[in-house]
Amino acid sequence: MRPCTEAELAEAIRAATGPVAVRGGGTRGLPGAGAVLETGGLSGVRLYEPGALTLVAGAGTPLAEVEAVLAAERQRLAFEPPDLRALLGRTGVSTLGGVAAENASGPRRVQAGAARDAMLGLRCVDGTGAVIANGGRVMKNVTGYDLVKLLAGSRGSLGVLTEVAFKVQAVPEAETTLVGEGFSPEAGLAALRSALGSPFDVSGAAYAGGQVLIRVEGMAGSVAYRAGQVRARIAGDWRLAEAAESAAIWQGVRDVAALAGKPGALWRISCVPGEALAVPQALAAARVPHEALWDWGGGLLWLACPEGRGALIRSALGARGHATRLRGEESSPVLPPVSPEVAALQAGLKAQFDPRGILNPGSLG
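Residues numbered from 1 in each chain as written. Predicted model: local features only at pLDDT ≥ 70, side-chain atom pairs only at ≥ 80, totals over all residues. Heavy atoms only, no water.

**A few points about the sheet that holds strand β7 (residues 131-135)**
Pairing in this open sheet of 5 strands is antiparallel, and the strands run β3-β4-β8-β6-β7 from one edge to the other. Since the sheet does not close on itself, it has two edges, and those belong to β3 (45-49) and β7, each with one partner. Each adjacent strand pair in this sheet contributes to an overall mean axis angle of 10 degrees, direction not counted. As paired strands, strand β6 (residues 119-126) and β7 are joined by 5 bridges and run antiparallel to one another. Paired with arginine 123 across the strands is alanine 133, a residue of β7. Where helix α2 (residues 63-71) meets the sheet, it contacts β3 and β4 (54-58), and its direction lies at approximately 25 degrees from that of β3. (Pairing = 2+ DSSP bridges. Helix = DSSP H or I, 4+ residues; strand = E, 2+ residues; numbered from the N terminus. Axes fitted to C-alpha atoms, helices over the stretch in contact; angles between N-to-C directions. Contact = heavy atoms within 4.5 Å.)

Listed below in structure tokens is the structure:
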């Protein structure tokens, strides 16, 4: 199914007699069972007002098209959506609706927030075939229940997005990345926390392979001052990467390029930044080879390791966060377990939005 209008989509969902696997461009998200429903026909930028920093587009609009429109006005999506095709071994075209449905957010989340924080409004079709509109097309329009935040990250399990409205951001005049070499994981993550705890408005904080990366953006004079203050704050061997070099570094962090093509299982782990070493330390103690990349100041861990280590990973993580298996055939569930209280909330929401349980079944923990 590939509807080209919201009405066609609503009719297709009403007529569905079994599970429906909602798919944007197929570049991210969990593989779903059932009849495939593609949103690529619901494309096109419907409204763009650079002066108001707002953009509205169909959910099937290619992300590259949106980024090109914004770049022409020196603007961008502040939350830096990642391109994980190389990491996950997928093809296809990333769509704006897919980004919203996954709440896909990159390194700048530590400063600008997640995709859901930039969403102003949406239109969607729920599991009964009813059309829902929530939010607005301007930043001051906040009315009713905030379904925008609820639908963002719901992976199409509560409704199929047809249109999304985002606030956008001007591209800053300058950006600089402090690159620190020779840091142990403990010292590197401590450096990231120190930088993020400073008043110098850091927009990126990542660590991998002994290298600490700290990004500062804004007006040229302000960037130079703040980068100098951060460097003075944290002892170590630092160099500065600027402009295109800095952008290339963060594209690699955003897309987890260092782990692309690695064999075995791939895990995405959200955790308390101060506890970000628990899982790698447990793997090291068990003599399990692994490679790790930390983003969000240690709050996001990307981990490549041999298959069959899911129980060890989740046991070591405990209540510090949750782990999602993105790649690799394992006996461990893809999604992390949830508490009975959270499960009850999810079931209640599913019953309200999708009483037949047909939309992307199994896409919630």
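There is more to say after this.
**Things to note about the nonpolar core**
Judged by nonpolar contacts, the single largest core of 34 residues is most densely connected at Ile214, Ile269, Val279, Leu303 and Ile313. Val66, Leu70, Leu77 and Leu147 belong to the second-largest nonpolar core, a separate cluster that totals 30 residues. (Core = buried A, V, L, I, M, F, W, Y, C linked by side-chain atoms within 4.5 Å. Buried < 20%, exposed > 50% of the residue type's maximum accessible area, 1.4 Å probe, protein only.)

**Quick notes on the environment of alanine 187**
Note on placement: alanine 187 falls in helix α8 (residues 185-196). With a relative accessible area of 33%, alanine 187 lands in the partly exposed category. Separated by 49 residues in sequence, alanine 187 and glycine 236 place their C-alpha atoms 9.8 Å apart.

**Notes on the environment of valine 125**
Within the secondary structure layout, valine 125 lies in strand β6. Assessed through its relative accessible area of 0%, valine 125 is described here as buried. Between the C-alpha atoms of valine 125 and glutamate 11, which are 114 residues apart in sequence, the distance is 9.7 Å. In contact with valine 125, other than residues within four places in its own chain, are Glu6, Leu9, Ala10, Ile13, Ala130, Val131, Gly159, Val160, Thr162 and Leu359.

**Thoughts on the pairing of strand β11 (residues 202-208)**
Judged by how many residues are buried, β11 sits mostly within the fold: 6 of 7 residues are covered. As paired strands, β11 and strand β12 (residues 211-218) are joined by 6 bridges and run antiparallel to one another. Following the sheet pairing, alanine 206 is matched in β12 by leucine 213. Between the antiparallel neighbours β11 and β12 lie 2 residues, among them glycine 209 with a positive phi of about 55 degrees.

**Points about the packing of helix α11 (residues 278-285) against helix α12 (residues 310-317)**
When two helices pack together, their arrangement is given by the angle between the helix axes and by the axis-to-axis distance. Packing of α11 against α12 leaves a shortest axis separation of 8 Å and a crossing angle of 130 degrees. Accordingly, the angle class assigned to the pair α11 and α12 is oblique. Read as a crossing pair, α11 and α12 show a hand that is right-handed. Of α12, the residues touching α11 (which contributes Ala278, Val279, Ala282 and Leu283) are Leu312, Ile313, Ala316 and Leu317. Looking at the contact of α11 with α12, its residues break down into 8 nonpolar, no polar and no charged. (Parallel < 35°, antiparallel > 145°, perpendicular 65-115°, else oblique. Left-handed = near helix turned anticlockwise from the far one by under 90°. Nonpolar A, V, L, I, M, F, W, Y, C, P; charged D, E, K, R; others polar.)

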